[in-house]
Amino acid sequence: MDTLYSEKNRVLRRSVRSFCEREIMPIAKDIDQEARFPWEVVEKMGKLGYFGIQVPKKLSGAGMDSVNYTIVIEEISRVCAGLGLCVTVHNSMAIYPIMGFGTGEQKQKWVPSLARGEKIGAFCLTEPNAGSDATAIEATAIRNGDHYVVNANKVFVTNGGVADICIIFVRTDPDAGRKGTSVIVAERGTPGFVVGDIEDLSGMRSNPVSSIRLYDCKVPVENLLGREGSGLKIGLQALDVGRIGIGAQAVGIAQAALEEAVKYANQRRQFGVPIAKHQAIQMMIADMATQVDSARLMVTRAAYLKDHGKPFTKATAMAKLHAGEVSSQVADMAVQIHGGYGYSKSYPVERYYRDARVTRIYEGTAEIHRMVIAREVLNEYK
Ligand SMILES: Cc1cc2nc3c(=O)[nH]c(=O)nc-3n(C[C@H](O)[C@H](O)[C@H](O)COP(=O)(O)OP(=O)(O)OC[C@H]3O[C@@H](n4cnc5c(N)ncnc54)[C@H](O)[C@@H]3O)c2cc1C
């Protein structure tokens, strides 16, 4: 792993790891069990630039590249995947669309407070009848003079319970099919903006994933991102970028599971020796380490391609697909190495097992990723 990164990358990793182990690790188990969003840590993370990782310094960000972004997300997720989710969605799915498609005024208005972590961002695409099929959204924004009247029912919104600035996918022209989809930015506190119940999730429990509903909510026309009709383009580009972060999150969970498994295998004795002496356990450790390395390499390659202005859709989809599967497999083997104790909340691998599972579902399921990869490969070799 070390030969892949520059000295600057390594320094960043050490500094993020040290912060996460000092500030987040001691509370990670509790915030999972209590399903509590840890504001006290989030404020500190804001001061360190984790909420504006790739935002230019002139807009209050940390001005880092994508490779460094993957390092920050991996390290946070190694300790607490729910916070890793918060940070990656905030950076990639809330800030990125504004940076990529917003006007100068829109960037000035929303990005600095998001980048400092004073405001939290969310990405609201999924609806009860629109999951994998984003073209099926039913939310509407009907223009009326200087504002849109927005009605929307968005579900599974990461950061939903605490979000101030929401990227909302709507239909501005309900008759125009895919071309009628647009993105508006809605702010918490606007009359008609309602936060629904927090989901009682299996994993990622420190993240307040919730529904967000807008009832005849008046949103100024200057909150439209890009042009009317450009919503799907914005969404697909944000997902391309966001998947790098989810891949990094999956690597972080897998890395944590590997470390815990090795620690336990060296401590636990059966048949008179540490279980690490049994070849069956060694085979699992070898597979886990190989899987983690392969996933990290693929995620880093996707980030590298993005940093160098090269096409990265296929590499990102492959990285997210592989890292998600690796994360589940490695967490599963870590539970197996712990035996019965791995199935108990006394050991963190039980949490990693639950957290890993969703990385194969959100920001595009594994099946949808295979469709994206197949499309790219079929085009490439035709
Ligand atoms: C913890 C969590 C956080 C989330 N955060 C956000 C968020 O911040 N913003 C947001 O907008 N959404 C978010 N989501 C929603 C997530 O992106 C969706 O759950 C995901 O896209 C899948 O949609 P769905 O759940 O409706 O499943 P469906 O689309 O109904 O899929 C069900 C099954 O059918 C398969 N399937 C569907 N279509 C096809 C096809 N054409 N070919 C083959 N198989 C297919 C799927 O792969 C899956 O296995 C979050 C979800 C979770 C669980």
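The residue count restarts for each chain, going from 1 along the sequence in the order it is written. Since the coordinates come from a predicted model, pLDDT governs what is reported: local features require at least 70, and pairs of side-chain atoms require 80 or more to be given and counted, while whole-chain, interface and lining totals use all residues. Each side-chain value is worked out from all heavy atoms of the structure, with water and hydrogens disregarded.

A. Up close: the state of the cysteines. Note on terminology: pairs of cysteine sulfur atoms within 2.5 Å are recorded as disulfides. Counted under the stated rule, the structure contains 0 disulfides. The thiol of Cys20 is unpaired, and the distance to the nearest cysteine sulfur, on Cys80, comes to 9.0 Å. Classification of Cys20 as buried rests on a relative accessible area of 0%. The structure places no disulfide on Cys86, whose sulfur is separated from the nearest cysteine sulfur, that of Cys80, by 9.4 Å. The buried label applies to any residue whose accessible area, calculated with a 1.4 Å probe on protein chains only, is under 20% of its type's maximum; exposed applies above 50%, and partly exposed to all values in between.

B. Seen up close, the nonpolar core. Note on terminology: a nonpolar core comprises buried Ala, Val, Leu, Ile, Met, Phe, Trp, Tyr and Cys residues joined through side-chain atoms within 4.5 Å. Ile24, Met45, Ile76, Ile167 and Ile337 are the most contacted members of the largest nonpolar core, which totals 100 residues. The secondary structure listing takes helices from DSSP runs of H or I that are at least 4 residues long and strands from runs of E that are at least 2 residues long, numbered from the N terminus. For this core, the element with the highest residue contribution is helix 6 (residues 231-267), accounting for 18 residues. Here, two residues are considered to be in contact whenever any of their heavy atoms come within 4.5 Å of each other. If we ignore the near neighbours within four places in the chain, the residues touching Ile24 are Phe19, Val41, Met45, Ile76, Val79, Cys80 and Leu83. Counting 21 residues, the second-largest nonpolar core is a separate cluster that includes Cys124, Ala152, Ile184 and Cys217.

C. Just the pairing of strand 2 (residues 140-144), in detail. By the convention used here, strands pair only if DSSP detects at least 2 bridges between them. Bridging between strand 2 and strand 3 (residues 147-157) involves 5 bridges; their strand directions are antiparallel. Counted as the bridge partner of Thr140 is Asn151 from strand 3. Hairpin connection of strand 2 to strand 3: 2 residues between the antiparallel strands, including Gly145 at a positive phi of 70°.

D. Fine view of the site of the ligand. One heavy atom within 4 Å of a molecule or strand is enough for the residue carrying it to be called near that molecule or strand. In the vicinity of the ligand lie 16 residues, with Thr126, Ser132, Phe156, Thr365 and Glu367 positioned nearest. N or O atoms closer than or at 3.5 Å make up a polar contact, with two conditions inside protein: a donor-capable atom paired with an acceptor-capable one, and, for residues adjacent in sequence, both atoms drawn from side chains. Contact between the ligand and Thr126: a nitrogen atom at 2.7 Å from a side-chain N or O atom of the residue. At a separation of 2.6 Å, an oxygen atom of the ligand approaches a polar side-chain atom of Ser132. Reported accessibility uses the Shrake-Rupley method at a 1.4 Å probe radius. Residues are deemed covered only where the shown protein chains occlude them. Out of a free accessible area of 970 Å², the ligand has 64% covered by protein chains. Site definitions follow a grid-based scheme: protein atoms alone, a 1 Å grid, a 1.4 Å probe that fits but cannot get out for cavities, and for pockets an open set with protein on both sides within 12 Å along at least five of seven lines, plus lining residues having an atom within 4 Å of a point. Think of it this way: a molecule belongs to a cavity or pocket when more than half its atoms come within 2 Å of the grid points there. With respect to the detected pockets, the ligand is housed in the largest pocket. Mapped onto the shell around the ligand, the elements with two or more residues apiece are strand 3 and helix 10 (366-380).

E. Examining the pattern of salt bridges more closely. By convention in these notes, a salt bridge is any Lys or Arg side-chain nitrogen within 4 Å of a carboxyl oxygen on Asp or Glu. The tally for this structure, following the rule as stated, stands at 24 salt bridges. A salt bridge links Arg14 to Glu7; the shortest N-O distance between them is 3.5 Å. By relative accessible area, which is 45% here, Glu7 ends up partly exposed. Residue Asp200 pairs with Arg205 through a salt bridge whose shortest N-O separation is 2.8 Å. Note on Arg205: relative accessible area 19%, which makes it buried. Here the residues in one salt-bridge network are Arg13, Arg17, Glu21, Glu74, Glu75, Arg78, Glu259, Asp293 and Arg296, joined through shared partners.

F. Broad picture of the layout of surface pockets. Here the largest pocket defines a volume of roughly 1200 Å³. Taken together, 41 residues line the largest pocket, and the ones lying closest to its centre are Leu125, Gly131, Leu239, Glu363 and Gly364. Only helix 4 (81-101), strand 1 (121-124), strand 3, helix 6 and helix 10 provide two or more residues apiece to the lining of the largest pocket. Top element by residues in the lining of the largest pocket is helix 6. It accounts for 6 residues. Considered class by class, the residues forming the lining of the largest pocket number 24 nonpolar, 11 polar and 6 charged. Grid points are joined across faces, edges and corners, and a volume is the space filled by probe spheres set on the points. Throughout this entry, Asp, Glu, Lys and Arg are counted as charged residues, while Ala, Val, Leu, Ile, Met, Phe, Trp, Tyr, Cys and Pro are counted as nonpolar. The remaining residues, Gly among them, count as polar.

G. Fine view of the side chain of Asn207. Topologically, Asn207 is positioned in the loop between strand 6 (193-198) and strand 7 (210-220). A distance of 2.9 Å separates the side chain of Asn207 from the backbone nitrogen of Asn159, its partner in a polar contact. With residues near it in sequence (within four places) discarded, Asn207 still touches Gly82, Leu85, Cys86, Thr158 and Asn159.

H. Structural detail: the domain arrangement of the protein. Considered domain by domain, the protein is made up of domain 1 (2-120), domain 2 (122-229) and domain 3 (232-380). For domain 1 and domain 2, the distance between their C-alpha centroids amounts to 23 Å. Contact with domain 1, which involves 29 residues of that partner, is made by 21 residues of domain 2. Buried area: the accessible surface (1.4 Å probe) lost by two parts on joining, summed over both. For the pair domain 1 and domain 2, the two sides together bury roughly 2100 Å², of which 64% comes from carbon and sulfur. Where domain 1 touches domain 2, the interface holds 1 salt bridge. For Lys109, the salt bridge identified is with Glu187, shortest N-O distance 3.6 Å. Connecting domain 1 to domain 2 are 9 residue pairs in polar contact (both at pLDDT 80 or more). Annotation comment: domain bounds sourced from an automatic or database domain assignment.

I. Region of interest: empty space enclosed by the protein. Summed over all chains, the structure comprises 2 cavities of 30 Å³ or more. Computed from the structure, the largest cavity encloses a volume of approximately 50 Å³. For the lining of the largest cavity, the elements supplying multiple residues, two or more each, are helix 1 (7-34), helix 4 and helix 9 (349-357). Here the lining of the largest cavity spans two domains, and each of domain 1 (2-120) and domain 2 (122-229) adds at least three residues to it. For the second largest cavity, the calculated volume is near 40 Å³. In terms of lining, the second largest cavity is formed by Tyr5, Thr70, Ile71, Glu74, Ala248, Val251, Arg296, Val299 and Thr300. Those elements giving two or more residues to the lining of the second largest cavity turn out to be helix 3 (66-79), helix 6 and helix 7 (279-307). Tallied by class, the residues present in the lining of the second largest cavity amount to 5 nonpolar, 2 polar and 2 charged. The residues that make up the lining of the second largest cavity include at least three from each of domain 1 (2-120) and domain 3 (232-380).

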